[in-house]
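Inside the fold
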Amino acid sequence: MTDQNLAPATFEVDGKRLEFQRHPAVEGNDGVNIGSLLRETGLVTLDHGFMNTASCESTITYIDGDEGILRYRGYPIEQLAENSTFLEVAYLLIHGELPDMDTYEGYMHRLKRHRLLHEDFNAFFHAFPAHGHPMAILQAGIAGLATYYPHTLNPKDPVEVDKATTLLMAKVPTMIASIFRRAAGLPLLYPDNSKLYAEDFLWMTFGMPYEKYDVDPMLVSALNRLLILHADHEQNCSTATVRMVGSADANMYASVAAGVGALSGPLHGGANEAVLAMLGKIRESGEGVAKFVERVKNKEDDVKLMGFGHRVYKHYDPRAAIVKKSAHEVLEKLGGDNELLDLAMELEGIALSDEYFVERKLYPNVDFYTGLIYKAMGFPEKMFTPLFALGRLPGWISQYREMLEDPTTKIGRPRQVYVGEAERAWVPREERQHKA
Ligand code: SDX
């Protein structure tokens, strides 16, 4: 929504002066609507990585990268992480308000009724190699849900969109737990409706069919907190992917599955797994933290300090601070790999005082400490990014729904600046000169 009272942005090129209306933000950066640029000037903007480009107006999450602020629907992440359950935050993100008691009870009951996967999925999980990366299987499984629920695919039908929302929120935990169990050679477990969301996920992941499973309440609250911290994050790579795919009127499963693919990248959600690999290599190699930091600064073999840096946060990621505190609690209680935690903290200490990282405003992000907690909980490293996906699921769903409901949404189709060959004529093969 533009505001005619705000001074427009002006743009001059080839003697032509254009005025672009502002889209005022409630918080953060205002937008400038450049919708007439191409028509009026024949120019397109070029913005690598969309560092200066807003793809939409959104009411869901707000980040202030300089102040280290993160809010879901206006609520500070610190308060939600401290006081809410993940399911309550999922409801907040998807429906815009924190649920009252009756609504929350009804929401939990609705999800409980849909936690089971179709029995055919057992064959699905066993169709992949046991060593296959769980993110590839998860992406296929989520996309495949569309084949079982054909009456929940129409993005133009709010009832079908609500059904797909429920089915994804209910079934993805079961899917992730089953992927882990199959890889570990363990029998797949059915959901236990006497358990709440996070507790039931831990049961399906770590429970055994021959004994009662008493999950440590500290574990449940740590998992709730971690899932809340991952639940949404404005237009990050995977969320922007979900919106892009959804803008073609693709169904919610296909759009979220595309988001899983984007999240799997080590520059994005795959970083939590990469951090543990990095810490392990530093320990095994015996090179020491200082030597490793030097290699990062020299950009040897494009080595990066995984779990550090962020496109938006140019200060400490507020989620990382909460995770770091949780890591101490969980490792103390569960006896995790304290050596690796000490290594991570030594690495953080050096990086935060080293000019290379300070001048580039590189701070720990949400992925730096999470893997240490997941490992202490008993998850193998390959399961770290699926856990990120479980947390991000309500964010992807809420953003997909907002995209559908936004009357300004158009199919995403960026332009380009063509820098290839000018027109040239075809020549017969025998006349072609070989080019190296
Ligand atoms: C997530 O967008 C989101 O919100 C994502 C996320 C979410 O919740 O959805 O927060 C989750 O993806 C967190 C980020 C996880 N990824 C990592 O930890 C991987 C390591 N980090 C980097 O790859 C990097 O910091 C990014 C990808 C996170 C951000 O990259 P940018 O914004 O494109 O920054 P850049 O690559 O242009 O870096 C600027 C400079 C460069 O140096 P110079 O060319 O100026 O000399 O900083 C350097 C980079 O080489 N740099 C790093 C570094 N990150 C940036 N150098 C060493 N180690 C790093 N981690």
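In the block above lies the structure referred to throughout.
Residues numbered from 1 in each chain as written. Predicted model: local features only at pLDDT ≥ 70, side-chain atom pairs only at ≥ 80, totals over all residues. Heavy atoms only, no water.

1. What about the layout of surface pockets?
If you add up the space inside the second largest pocket, you get close to 190 Å³. As for the second largest pocket, its lining consists of 13 residues, and the residues nearest its centre are M278, K281, F292, R295 and V303. The leading source of residues in the lining of the second largest pocket is helix α12 (residues 271-285), at six residues. (1 Å grid on protein atoms, 1.4 Å probe; cavity = no way out; pocket = protein on both sides within 12 Å on 5 of 7 lines; lining within 4 Å. Points joined across faces, edges and corners; volume = space filled by probe spheres on them. Helix = DSSP H or I, 4+ residues; strand = E, 2+ residues; numbered from the N terminus.)

2. Details of empty space enclosed by the protein
Summary: where empty space remains is shown by rolling a probe the size of a single water molecule over the atoms. Applying the stated criterion across every chain, the model contains one cavity of 30 Å³ or more. What lines the largest cavity is G309, H310, Y313, H315, D317, K361, Y363, P364 and N365. Taken together, the residues of the lining of the largest cavity sort by class into three nonpolar, four polar and two charged. (Nonpolar A, V, L, I, M, F, W, Y, C, P; charged D, E, K, R; others polar.)

3. So, helix α14 (residues 318-334)
In this model, α14 (17 residues) spans 24 Å end to end at C-alpha, consistent with the 24 Å of a helix rising 1.5 Å per residue. Within the sequence span of α14, burial applies to P318, R319, A320, I322, V323, S326, A327, V330 and L331. Next to the buried residues of α14 lie β6 (69-72), α2 (77-83), α9 (217-229), α15 (338-353), α17 (367-377) and α18 (384-405). After α14 finishes, the residue G335 shows a positive phi value of roughly 65 degrees. (Expected span 1.5 Å × (residues − 1). Buried < 20%, exposed > 50% of the residue type's maximum accessible area, 1.4 Å probe, protein only. Contact = heavy atoms within 4.5 Å.)

4. What to know about the sheet that holds β6
Overall, antiparallel pairing links the three strands, which are arranged β5-β6-β7 in an open sheet. In this open sheet, the two strands that pair with only one neighbour each are β5 (61-64) and β7 (75-76). Judged from the two bridges that link them, β6 and β7 form a sheet pairing that is antiparallel. When the sheet's bridge partners are listed, Y72 is paired in β7 with Y75. (Pairing = 2+ DSSP bridges.)

5. Points about unusual backbone geometry
Phi is positive for F50, which is not a glycine, with a value near 55 degrees. The topology assignment puts F50 in the loop between α1 (37-41) and β5. In this structure F50 comes out as exposed when scored by relative accessible area, which is 55%. Backbone geometry at E234 places phi at a positive 55 degrees, although glycine is not the residue there.

6. A closer look at the pairing of β6
Two faces belong to every sheet, and in a regular strand the side chains alternate between them. Here four bridges tie β5 to β6, and the two strands are oriented antiparallel to one another. Residue pairing across strands places I63 opposite L70, the latter belonging to β6. Where β6 hands over to β7, the hairpin turn is made up of two residues, of which R73 adopts a positive phi near 50 degrees.

7. Some details on the site of the ligand
As a matter of local geometry, the ligand sits amid 24 residues, with H233, K299, H310, R319 and R392 nearest to it. At a separation of 2.6 Å, an oxygen atom of the ligand approaches a polar side-chain atom of H310. Take R311: an N or O atom from its side chain is 2.8 Å from an oxygen atom of the ligand. Look at the ligand: alone it shows 1100 Å² of surface, and the protein chains cover 77% of it. Looking at side-chain class alone, the shell around the ligand contains ten nonpolar, seven polar and seven charged residues. (Near = heavy atom within 4 Å. Polar contact = N/O pair within 3.5 Å; in protein donor to acceptor, adjacent residues only side chain to side chain. Areas by Shrake-Rupley, 256 points an atom, 1.4 Å probe, with all protein chains shown as cover.)

8. Let's talk about the packing of helix α8 (residues 197-206) against α9
Contact geometry of α8 with α9 gives a least axis separation of 9 Å together with a crossing angle of 110 degrees. It follows from the interaxial angle that α8 and α9 lie roughly perpendicular. The segment α8 lies against α9, with A198, E199, F201 and L202 engaging L219, V220, L223 and N224. The residue makeup of the contact of α8 with α9, split by class, is six nonpolar, one polar and one charged. (Axes fitted to C-alpha atoms, helices over the stretch in contact; angles between N-to-C directions. Parallel < 35°, antiparallel > 145°, perpendicular 65-115°, else oblique.)

In short, geometric facts, not functional conclusions.
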